[in-house]
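A structural walkthrough
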Amino acid sequence: MKSVIKWQTGEPVGRCGKFIITYKHFECFTKYITIALREGNTWYDTNFNRLRVDVIAWCPITDIEPYKE
């Protein structure tokens, strides 16, 4: 089975909740992927610590289909 994530860019205006994000540290060219929470205009890690990174793209977790056999 092939899984495709429908990445979006820009700010998720009016959307809060749990997301998968692609990000980089402001001074680093390496990109990473993680789960993040969005409240208001702020990104948080899963321990609710404010993320101090540059979010490049995001996708709501609810848009990702679970694995099917």
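Everything here concerns the structure above.
Below you will find a few notes about this structure. Residue numbers run consecutively from 1 along every chain, following the written order of its sequence. With pLDDT at 70 or above as the cut-off, local features in this predicted model cover only qualifying residues; side-chain atom pairs require 80 or more to be listed or tallied, and sums for whole chains, interfaces and linings still use all residues. For the side-chain quantities, the full set of heavy atoms in the structure was used; hydrogens and water were omitted.

**Thoughts on the nonpolar core**
Each nonpolar core is a collection of buried residues, namely Ala, Val, Leu, Ile, Met, Phe, Trp, Tyr and Cys, held together in the definition by side-chain atoms within 4.5 Å. With a 1.4 Å probe rolled over the protein chains alone, any residue whose accessible area is under 20% of its type maximum counts as buried; one over 50% counts as exposed, and the rest are partly exposed. Ranked by size, the top nonpolar core spans seven residues in total: F19, I21, Y23, A36, W43, V53 and W58. Here a helix means four or more residues in a row that DSSP labels H or I, a strand means two or more in a row labelled E, and each is numbered from the N terminus. Residue contributions to this core peak at three residues, all from strand 1 (residues 17-24). Contacts: residue pairs with any heavy atoms within 4.5 Å of one another. In contact with A36, not counting residues within four places along its chain, are G17, K18, F19, I21, W43, Y44 and L51.

**Remarks on the packing of aromatic side chains**
Pairing of aromatic rings covers Phe, Tyr and Trp, the last through its six-membered ring, and needs centres within 6.5 Å; plane angles under 30 degrees mean stacked, over 60 mean edge-to-face, and all others mean tilted. Scanning the model with the defined rule gives four aromatic pairs in all. Between Y44 and F48, the ring centres sit 4.1 Å apart and the planes meet at 10 degrees, which makes this aromatic pair stacked. Judged by its relative accessible area of 17%, Y44 falls in the buried class. Ring pairing ties together the aromatic residues F19, W43 and W58, which thus form one cluster.

**Quick look at unusual backbone geometry**
Across residues other than glycine, the phi torsion is negative in most instances, and most of the peptide bonds are trans. Even without being glycine, F48 reaches a positive phi, approximately 65 degrees. You can see F48 is positioned in the loop between strand 3 (42-44) and strand 4 (54-60).

**Brief notes about the sheet that holds strand 3**
Across a sheet, strands are paired by hydrogen bonds formed along the backbone, either parallel or antiparallel in direction. The sheet built from four strands is open, its strands ordered 3-2-1-4 with antiparallel pairing. Either end of the sheet is taken by a strand with one partner, and the two such strands are strand 3 and strand 4. Each adjacent strand pair in this sheet contributes to an overall mean axis angle of 45 degrees, direction not counted. For two strands to count as paired, DSSP must find a minimum of two bridges between them. One ladder, built from six bridges, connects strand 1 with strand 4; its direction is antiparallel. Looking at the pairing, F19 lines up with P60 of strand 4. Note on geometry: axes are C-alpha line fits, over the in-contact stretch for helices, and angles between N-to-C directions span 0 to 180 degrees.

**Considerations on the side chain of T22**
One can find T22 in strand 1. Dropping the residues within four chain positions of it, T22 is found in contact with W7, K31, Y32, I33, D54, V55, I56 and A57.

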